[in-house]
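Listed here are the chains, written in short residue letters.
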Amino acid sequence: MSAFSNFLKYVASSKGNLGSEEIRKPALSLLMGALESTNPLMRCAAAEGLARLAQVIGDGSFTAGLAQVSFDKLKSARDVVSRTGHCLALGSLHRYLGGVASSQQHLSACTGALYTLSQDGASPDVRTWALHSLSLIIDSAGPLYHIHVESTLSLILMLLLTVPPTHAEVHQSLGRCLNALITTLGPELQGSSTAVSTLRTSCLLGCAVMQDNPDCLVQAQAISCLQQLHMFAPRYVNLSSLVSCLCVNLCSSYLLLRRAVLACLRQIVQREAAEVSEHAVVLAKDSREDLIPDANIREVGLEGALLNLLDKESDQRLCQDIRETLSHMITSMAVEKLSFWLKLCKDVLASSADFTTVASVDTTQEDEVDKGDDASVLTCRNDEKCRPIANPRWATRVFAAECVCKIINQCENSDSAHFDIALAQEMKERDSRNDFLVLHLADLIRMAFMAATDHSDQLRLSGLQTLLVVVRQFATIPEPEFPGHVILEQYQANVGAALRPAFTSDTPPDVTAKACQVCSAWIASGVVSDLNDLRRVHQLLVSSLTKIQAGKEALSQLYNESASTMEILAVLKAWAEVYIIAVERQKKQTEKQKQTMKTASSVEENARDVSSSIDGLLDLVQTDLGTLSRLWLAALQDFALLTLPSEFASQLPLEGGAFYTAETSENAKLHYHNSWALILHATALWLTSTGFIVADPDEGATNLSRPVTPTTMCQGSSGSAVKSPEDVYTDRFHLILGISVEFLCSLRSDATMESITACLHALQALLDVPWPRSKIGSDQDLGVELLNVLHRVILTRESPSIQLASLEVVRQIICAAQEHVKEKRRSAEVDDGAAEKETLPEFGEGKDTGGLIPGRSLVFATLELCVCILVRQLPELNPKLTGSPGVKAAKAQALSEDGNKLVSAALIILSELPGVCSPEGSISVLPTILYLIIGVLRETAVRLPGGQLSSTVAAALQALKGILSSPLARAEKSHNAWTDLLRSALTTILDCWDPDGAQQELDEISLLTAITVFILSTSPEVTTIQCLQQRCIEKFKVTLELKDPVVQIKCYQLLLSIFQYPNPVVSYPYIHSLASPIVRKLQETDKIKPKDAAELQAIQEGIKVLEALVAIAEEQHRAQLVAGILHLLISFLLDENTLGSASTTMRNLHDFALQNLMQIGPQYSSVFKNIMASSPTMKARLEAAIKGNQESIKIKATPKHIKKPGKNSSIQLKTNFL
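Small disclaimer: the values here were computed from a predicted structure and weren't measured.

A.B. asks: Where do I start with helix H26 (residues 531-549) in this structure?
C.D. replies: The α-helix advances 3.6 residues per turn, and as a result positions three or four apart in sequence lie on the same side. Here H26 spans 26 Å end to end across 19 residues, near enough to the 27 Å set by a 1.5 Å rise per residue. The principal kink in H26, of about 25°, is found at Val537. What H26 keeps buried is the set Asp533, Leu534, Val537, His538, Leu540, Leu541, Val542, Ser544, Leu545, Lys547 and Ile548. The backbone nitrogen of Asn532 has a side-chain oxygen 3.0 Å away, supplied by the residue at the start of H26, namely Asp530.

In structure tokens:
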């Protein structure tokens, strides 16, 4: 009967049918006969089969006929068997057929019939089946049942109070009905109306009656009902009473009751974890000893009792509920009760630690370990009173280790003081109740150590994972008592001792793989600074590398090939991470040494000490790099083969790859996916370090596709063709490039940031070397394809770090193309001779026509990518997006730090693009480049304090300078067009100023600097045209009149660079137009005295400009300029009476003027003498200033002269006294 019912279920789900009437009749006859069977299980199966049959047939009249048959039977039959079978048939029809339930009349009829049967006091079985059927109808009817809720609830309460408790099955069915009713009412139970309040009270009353029932299954139903009530109306459920009920039944001997308790706990702790925990502790303290005999809540809390239950429980569903309950409690309470949770986990791990194993760990190299801490670890096992579990099982210990990781994760998302020991100690001193994770670091290390050195492999894995999390979270936290050190340094011995057992010969591959991950993370963290300490952990990786080199025979036969693959790849990945970090540290150290070349000798010695450990790490890896490189290349080849589409399966090697067999290829894919990215990056760095030159003379003859690896160790290579070095280079280049492009062009949503970043860094490393750049530069289609892939990465990944890495690869591709174009031009000039340059073909994109073909143009693809970056950060650059003309200046905006970096990187790339084009091609692309650069300048020219330029504006100006100084601007074929375009660009910048100047939004300094870059970097033809030159001069005049001293300072500095420009055609018009306004501005100092340092500096910069004019002026005009400067400087001098009471700013101006006069006087003595002779007043003022200066010098020098004898005499007296 069950088989036939399942068959009908399958037919219904597949939308099939039974066919003709001939099949339907015997099926119906079979089910109807079974419906009145004496076997209750047969009746249950028949009722469900009957409903499935109606579902398959899908005929409303047929379904109504079945229901009518049951109604008739219930009216006429008096035997228990018939009544129970047809009761269940009605419930099953409603459960599986929504059409029946949609008829309110039919629903009322069914409900009425079942009401009557449920009150049949003669037969408890009929009551039970009728109430069960009613619960099915309530569940399936949903909101349609609302009109029957009150009557049904009254019936349930009446039966709960009248049916004897000995009829437990009836009470269980009543509990199911009540549960269904609560679900039907749902959130309406939160209402405050009288009707809803009555319903809610009735539900609570029903739960209370069932809680008092002696039957455990009825109590379980009561708890389920309270769970539903707490979900929909938590305010009206007495949490204290509910928690009390749950705690009492937590260790019940009945499985279903325990399941109900844990299901309810799992739900309520998601909302009120702290309250539940507090209620449990209060209950335990106030209750009698025998109330909760097996749950030690009084000492270890509800959390400890749950851990204890988890250790004893064998039911998987119940264990899962316990784990989820504890996880929710950790999420809600771990940060607030940090010490409690850590102690709980530590007690579980410590009470089960294999102390024989711990004691036998070789500690001969661990001299630095704190013996007091070790003693406390090993002796704490004697304190068994407060531990939640005496001898926990390994699964419980594993969960405790996982809880430690969850606690660390919760602290990471909380207060930053959890990972700042100085701040944590300070806040702890303020309030002793404060508790922070960093203060428990010793306990974290101890727990990880105990778990990692246990005899259980699963616990060892969890311990190593915990150790990995601790290392990653605490590696950079400085030790306040020892500057220059980190807090993890004191635990080097503990970490080494925890890792060493994982590298023994009998260790399972998964444990060794995890240990390799911890090793690499520990080395990469930078915690270990001493080379000897570093060598100890490094030696563990060396032993694992030796193991995988020994071939198949040395690998354990206890595990399958897939496990060996996992171990090998984990070892190679760990070595790759160590090599990557060693190379990166060396690069950083080299940059630091370049910056500190002129520092003090002590600093140099300190830098040498630091660099020794960095160089030592690279030297340690370098020893095995030859072997590692072959293994890395083999692993990458395996990965490339395994990622081929299924249609290329026939091309895979029959014997498998270097580290996998054909039979385990599917299982091996996961291990390769977890390891390939770092191996790819490390391989690219190694190839970069070699410059794609074979270091080993025998390596050139090695067949790259089958290197010496464990699976090919004993295979001959006589049948393999010997490849030339060029072929080897090309294979390696395409291997790395192919894997990178295949991964980046089909990024999945689950692709990790680590993999994407490593892949992009591998491409960067690859393109750092000339030979790969030449391959990219010479193959334009390859470059375009790579740019399209990078464009897709930028579109699909919002991470700024990934986008910056992508832009760096783009820049390298453009540089490679530039090198290729320059090389072709040079070769053509050498081949054809310098005299025939006019006949040379044009190289670069655009050729002779200037056309750029989308899809095949490197420049076009780069422009698309850069526009994507720029418009994302500055939508105003695209007029279609903003609806604005895109020319007039809008209000400038400051970008985020990441936005500044992205825009700056895109601008640098844009400035490089003309170098890839032919002269005609550069003309085509120049307007777009200028529009984007000036657009960025316009949109980001914000005013910053101190007159600084924003990083984006600085990048735009740098890019603009690169464009303006391009050789193509002076090339014969493109000179005229470039000149016109550059004039238009300068006009656009000039138009950025507000016409009235009243509401100037953009930074004048940024715009003036842009104009100055044009004047100094382009050919004179661009800026010397009368209309443009006059507008530029006018902008400088207007800016000089501004009251802001910072703007004046920058304006003077820019004018100084223009005045000193060697070409007089450019500089003289500015000198003639602006020299007089500068002098007039400085003459105003007599009336408007400088009030602060900024105004003083503005005056000083103006004087510097005039002094520069003197140096470049013609001889006949020099005397007049010198006279003007002398008049200005003497006017700045203060007389004897005002000098003493003058402000600091005025005294500084006085000193500046006097110093400059002392320098100018000897240089231009004749002019100086004439002025002094013609103006006695000026001469007297200058003499008084000089005299006052000399007297002040004497006053400053006199105390030093007097003090020295005093000092000697005091020493003499002291000596005489002794």
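A.B. asks: I tried to follow the environment of Val209 on my own but got confused; where do I start?
C.D. replies: Within the element layout of this structure, Val209 appears in helix H11 (residues 194-211). Separated by 10 residues in the primary sequence, Val209 and Gln219 have C-alpha atoms spaced 9.3 Å apart. Excluding its chain neighbours within four sequence positions, the residues that come into contact with Val209 are Leu160 and Leu161.

A.B. asks: In this structure, what is going on with the side chain of Ser562? I would like to understand it.
C.D. replies: You can see Ser562 is positioned in helix H27 (residues 561-595). Among the polar contacts made by the side chain of Ser562, one reaches the side chain of His671 at a distance of 3.3 Å. Look past the residues within four positions of Ser562 in its chain and what remains in contact with it is Thr664, Asn667, Ala668 and His671.

A.B. asks: What is the right way to read the nonpolar core from this model?
C.D. replies: Note that soluble globular proteins tend to have their nonpolar side chains buried in a common cluster. In terms of nonpolar packing, the biggest core is built from 377 residues, with Leu265, Phe474, Leu499 and Phe1036 touching the most fellow members. Ignoring sequence-local partners within four residues, the contact set of Leu499 consists of Leu464, Leu467, Ala515, Val518, Cys519, Val537 and Leu540.

A.B. asks: Hey, could you run me through the confidence of the model for the protein in this one?
C.D. replies: The predicted coordinates of low-pLDDT regions are not to be read in fine detail. Looking at the protein as a whole, its pLDDT mean stands at 83, while 86% of the residues score no less than 70. For the stretch residues 600-612, pLDDT sits under 50, and the model shows seven contacts to residues farther than four places along the chain or on other chains. Below pLDDT 50 for its whole length, residues 695-720 participates in 44 contacts with residues either more than four positions away or in separate chains.

A.B. asks: Could you clarify how one ought to interpret the pattern of salt bridges in this entry?
C.D. replies: Pairing of side chains with opposite charge becomes possible as their charged atoms draw close. In the structure shown here, the tally under the stated rule is 28 salt bridges. Between Lys73 and Glu36 there is a salt bridge whose closest N-O contact spans 3.3 Å. Of this pair, Lys73 sits in helix H4 (residues 60-76) while Glu36 is found in the loop between helix H2 (21-34) and helix H3 (40-57), placing the two residues 37 residues apart along the sequence. Given a relative accessible area of 31%, Glu36 falls into the partly exposed group. The salt bridge involving Glu567 is made with Lys547; its shortest N-O contact spans 2.9 Å. With a gap of 20 residues between them, Glu567 in helix H27 and Lys547 in helix H26 connect regions that are remote in the sequence. Several salt bridges share partner residues, and in doing so they unite Arg266, Asp321 and Glu324 into one network.

Criteria and thresholds
Residues numbered from 1 in each chain as written. Predicted model: local features only at pLDDT ≥ 70, side-chain atom pairs only at ≥ 80, totals over all residues. Heavy atoms only, no water. Helix = DSSP H or I, 4+ residues; strand = E, 2+ residues; numbered from the N terminus. Expected span 1.5 Å × (residues − 1). Bend = angle between axes of the 7 residues up to and from the residue. Buried < 20%, exposed > 50% of the residue type's maximum accessible area, 1.4 Å probe, protein only. Polar contact = N/O pair within 3.5 Å; in protein donor to acceptor, adjacent residues only side chain to side chain. Contact = heavy atoms within 4.5 Å. Core = buried A, V, L, I, M, F, W, Y, C linked by side-chain atoms within 4.5 Å. pLDDT = per-residue confidence, 0-100. Salt bridge = Lys/Arg side-chain N within 4 Å of Asp/Glu carboxyl O.

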